[in-house]
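# Coordinate inspection notes
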Amino acid sequence: MAYIGFLLTGGPFDSERWRTAYELGRAALDQGHEVSYFHYLDGALVPVADQTLPGCSDSGLYDEMPTEKFQELIADGAAVICCGLCVDARGIDAPADYPDGVEVGLLPDLADIIGEADRVVSL
């Protein structure tokens, strides 16, 4: 099986990149592949718990918030790492704002993913 890494730079409500990353990772896990995510720049906001998008949360793209989808991936074995510098720059309190399983790392963690993965997808 392959090891697939994802670099996610888009925020949860500025694009659908997070959903594409989720769907690709979900498919890879379902096929037995190893999956890691590195959330960089505004991507560090994607796994923040308790987010809502009023008026859109009940249907369509946001029937489940991004953090819920990434919690599913973590439960199924994916690694989710957020850039610590990006976390700090966005005022995220990692222990309080991230659910269990979301790690805070640095760019060497991204370098490890890039060096070890069979494929890296950047969104």
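What counts as what
Residues numbered from 1 in each chain as written. Predicted model: local features only at pLDDT ≥ 70, side-chain atom pairs only at ≥ 80, totals over all residues. Heavy atoms only, no water. Axes fitted to C-alpha atoms, helices over the stretch in contact; angles between N-to-C directions. Helix = DSSP H or I, 4+ residues; strand = E, 2+ residues; numbered from the N terminus. Parallel < 35°, antiparallel > 145°, perpendicular 65-115°, else oblique. Left-handed = near helix turned anticlockwise from the far one by under 90°. Contact = heavy atoms within 4.5 Å. Nonpolar A, V, L, I, M, F, W, Y, C, P; charged D, E, K, R; others polar. Expected span 1.5 Å × (residues − 1). Buried < 20%, exposed > 50% of the residue type's maximum accessible area, 1.4 Å probe, protein only. Core = buried A, V, L, I, M, F, W, Y, C linked by side-chain atoms within 4.5 Å. Salt bridge = Lys/Arg side-chain N within 4 Å of Asp/Glu carboxyl O.

As annotated in an unreviewed UniProt entry, the chain carries the name Sulfur oxidoreductase and comes from Haloarcula rubripromontorii.

## Some remarks on the packing of helix α1 (residues 17-30) against helix α2 (residues 66-75)
Orientation of α1 relative to α2, taken along the N-to-C sense of each, is 20°, at an axis distance of 10 Å. One element, α1, and the other, α2, form an angle in the roughly parallel class. For the element pair α1 and α2, the recorded crossing hand is left-handed. Contacts from Trp18, Arg19, Tyr22, Gly25, Arg26 and Leu29 in α1 reach Pro66, Lys69, Phe70, Glu72 and Leu73 in α2. Its residues assigned to classes, the contact of α1 with α2 shows six nonpolar, one polar and four charged.

## Regarding α1
A rise of 1.5 Å per residue sets the reference length of α1, with its 14 residues, at 20 Å; its end C-alpha atoms lie 20 Å apart and thus fit the reference within 8%. Of the positions making up α1, those classed as buried are Trp18, Arg19, Ala21, Tyr22, Gly25, Arg26, Ala28 and Leu29. On the buried face of α1, the contacting elements are β1 (3-8), β2 (34-39) and α2.

## Overview of the environment of Ile81
For Ile81, the location among the structural elements is in strand β3 (residues 79-83). Separated by 45 residues in sequence, Ile81 and Ser36 place their C-alpha atoms 7.8 Å apart. When residues no more than four places from it in sequence are discounted, the contact partners of Ile81 are Tyr37, Phe38, His39, Glu103, Val104, Gly105, Asp109 and Ile113.

## What to know about the nonpolar core
Residues Val35, Tyr37, Phe38, Phe70, Leu73, Val87 and Tyr98 are the most contacted members of the largest nonpolar core, which totals 33 residues. When contributions to this core are tallied by element, the ones reaching two or more residues are β1, α1, β2, α2, β3, α3 (84-89) and α5 (107-116).

## Quick word on the pattern of salt bridges
Counted by the stated rule, this structure contains five salt bridges. Between Arg90 and Asp42 there is a salt bridge, with the nearest N and O atoms lying 2.8 Å from each other. One end of the pair, Arg90, is in the loop between α3 and α4 (94-97); the other, Asp42, is in the loop between β2 and α2, with 48 residues separating them in the sequence. Residue class for Asp42 comes out partly exposed when judged on its relative accessible area of 30%. A salt bridge links Lys69 to Glu72; the shortest N-O distance between them is 3.9 Å. Highlighted residues: Lys69 and Glu72, both in helix α2, separated by three residues, approximately one helical turn. The network of salt bridges with common partners includes Arg26, Asp30 and Asp76.

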